[in-house]
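Results of the structural survey
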Amino acid sequence: MDRSTADQGANSQGPTDRSPEAAPGNARPRTPHPTPHTAPTPSLTDLRHHLTTHLDPAARTWLDHALDEAAAHPGIHGPISVWELRLAEAGRRCGATHADAARVLILDAARAGIDALTRVYFQGTADERRAVLHALPHLVSGPDALPLVEDALRTNDTRLLSAAVGPYTARHLTAHAWRHAVLKCLFTGVPVDHVADLPRRAAGDGELARMLGDYAAERTAAGRTVPEDLHRVLDLTESITPAPVTDHPHGKES
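The rules behind the values
Residues numbered from 1 in each chain as written. Predicted model: local features only at pLDDT ≥ 70, side-chain atom pairs only at ≥ 80, totals over all residues. Heavy atoms only, no water. Helix = DSSP H or I, 4+ residues; strand = E, 2+ residues; numbered from the N terminus. Buried < 20%, exposed > 50% of the residue type's maximum accessible area, 1.4 Å probe, protein only. Contact = heavy atoms within 4.5 Å. Areas by Shrake-Rupley, 256 points an atom, 1.4 Å probe, with all protein chains shown as cover. Salt bridge = Lys/Arg side-chain N within 4 Å of Asp/Glu carboxyl O. Phe/Tyr/Trp six-rings, centres within 6.5 Å; stacked < 30°, edge-to-face > 60°. pLDDT = per-residue confidence, 0-100. Lys, Arg positive; Asp, Glu negative; His and termini not counted.

Regarding the overall build of the chain
What the chain contains, in helices and strands, is 14 helices and 0 strands. Burial statistics for the chain: of 254 residues in total, 45% are counted as buried. Pairs at least 24 residues apart make up 73% of the contacts formed inside the chain by residues separated by at least 6 positions. In the structure as shown, the chain presents an accessible area of about 13,100 Å², 54% of it carried by carbon and sulfur atoms.

Given below as structure tokens:
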């Protein structure tokens, strides 16, 4: 049986059949849980404004120079491009708090395409890989960068996982892989608030509810607590996102 057929079969099960409350030995009463939500992804303009406001004068000067260099010499050049060197320096120059934003801006200024992003991701440090993941929704419009996301989701680096479940993943990751990404967050303790667009993607997802129920049952049987985030996601699977209202005769919003 192929994966899509398996998913379809699993979806035929109702979300309440395998809920954590139905797990043997789990007497936890059903209570409402706050809906997870994520802050809007900052635009590149927002990132630049934030850094301009918060960096000290020396760091701002360095960033301005790095962005000018990247814009003047975009793309990949030889074994390493000048802007790739600036990515490596960003933590020292801008500080750990602002390094991710600085790296995203450098990648944008360098007009980094899939080849450049892939090279930085696989040859760079964990910090540089995380910056690539944060840059994806700004720089890649289609699913071509999913191999980078899938690689990050195989790690147990929680900071990398948090970056991997951002807006790009919400737009492009398949349902099967996305469900496993949510479970991976629960396994590793990454807050589900970091999962972009979680309410929409989880709504009415009976297969995700089944997987959550199985995970809760395993933890209960082992005498371990069930993460509160699991119940928050489970509540979302029981909701349904209404279809957008349209008056257009061809189904497009007016």
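After that view of the structure, there is still more to cover.
Observations concerning the pattern of salt bridges
Evaluated as defined, the whole model comprises 14 salt bridges. When the shortest N-O distance is used, the salt bridge between E69 and R86 registers 2.6 Å. In this pair, E69 is assigned in helix α3 (residues 57-72) and R86 in helix α4 (residues 82-94), connecting sequence segments 17 residues apart. Here D100 ties to R130 by a salt bridge, and the two come within 3.1 Å at their closest N and O atoms. With a gap of 30 residues between them, D100 in helix α5 (residues 96-109) and R130 in helix α7 (residues 126-139) connect regions that are remote in the sequence. Among the residues examined, D100 registers a relative accessible area of 18% and is labelled buried. Residues participating in the shared-partner salt-bridge network are E69, R86, E89 and R93.

Some details on the environment of L153
Here L153 is to be found in helix α8 (residues 146-153). Placed 25 residues apart in sequence, L153 and W178 show a C-alpha to C-alpha distance of 9.8 Å. Each residue touching L153, except ones within four places of it in the same chain, is listed here: L161, A164, V165, L173, A181 and K184.

Regarding the packing of aromatic side chains
Working definition: an aromatic ring pair is given by the centre-to-centre distance plus the angle between the planes. According to the stated counting rule, one finds 2 aromatic pairs in the structure shown. An angle of 80 degrees between the planes, with centres 4.9 Å apart, marks the rings of Y121 and F122 as edge-to-face. Look at Y121 and you get buried, because its relative accessible area is 0%. Pairing F187 with Y215 gives two aromatic rings, centres 4.8 Å apart and planes at 75 degrees, and the pair type is edge-to-face. Note that F187 is positioned in helix α11 (residues 175-188) and Y215 in helix α13 (residues 206-221), a separation of 28 residues in sequence.

Some words on the environment of A58
Within the secondary structure, A58 sits in helix α3. Expressed as a C-alpha distance, the spacing of A58 and R93, which sit 35 residues apart in the sequence, is 8.3 Å.

Focus on unusual backbone geometry
Here R111, not a glycine, exhibits a phi torsion of approximately 50 degrees, which is positive. Secondary-structure assignment places R111 in the loop between α5 and α6 (114-123). Exposure remark for R111: the relative accessible area of 56% places this residue in the exposed category. For D197, which is not a glycine, the phi torsion comes out positive at approximately 60 degrees. Looking at D197, the relative accessible area reads 32%, which means it is partly exposed.

Considerations on the confidence of the model for the chain
Looking at the chain, the pLDDT average stands at 85 and 78% of residues meet or exceed 70. Mean pLDDT across the elements of the chain ranges from a minimum in helix α1 (residues 3-11), with 40, to a maximum in α8, with 98. Across residues 243-254 the pLDDT falls below 50, and counting only partners more than four positions away or on other chains, this stretch makes 5 contacts in the model.

A look at the side chain of R219
Relative to the helices and strands, R219 is located in helix α13. Of the buried charged residues, R219 lacks a salt bridge, with E218 as the closest side chain of opposite charge at 8.2 Å. The residues touching R219, leaving out its near neighbours within four places in the chain, are R224, T225, V226 and P227.

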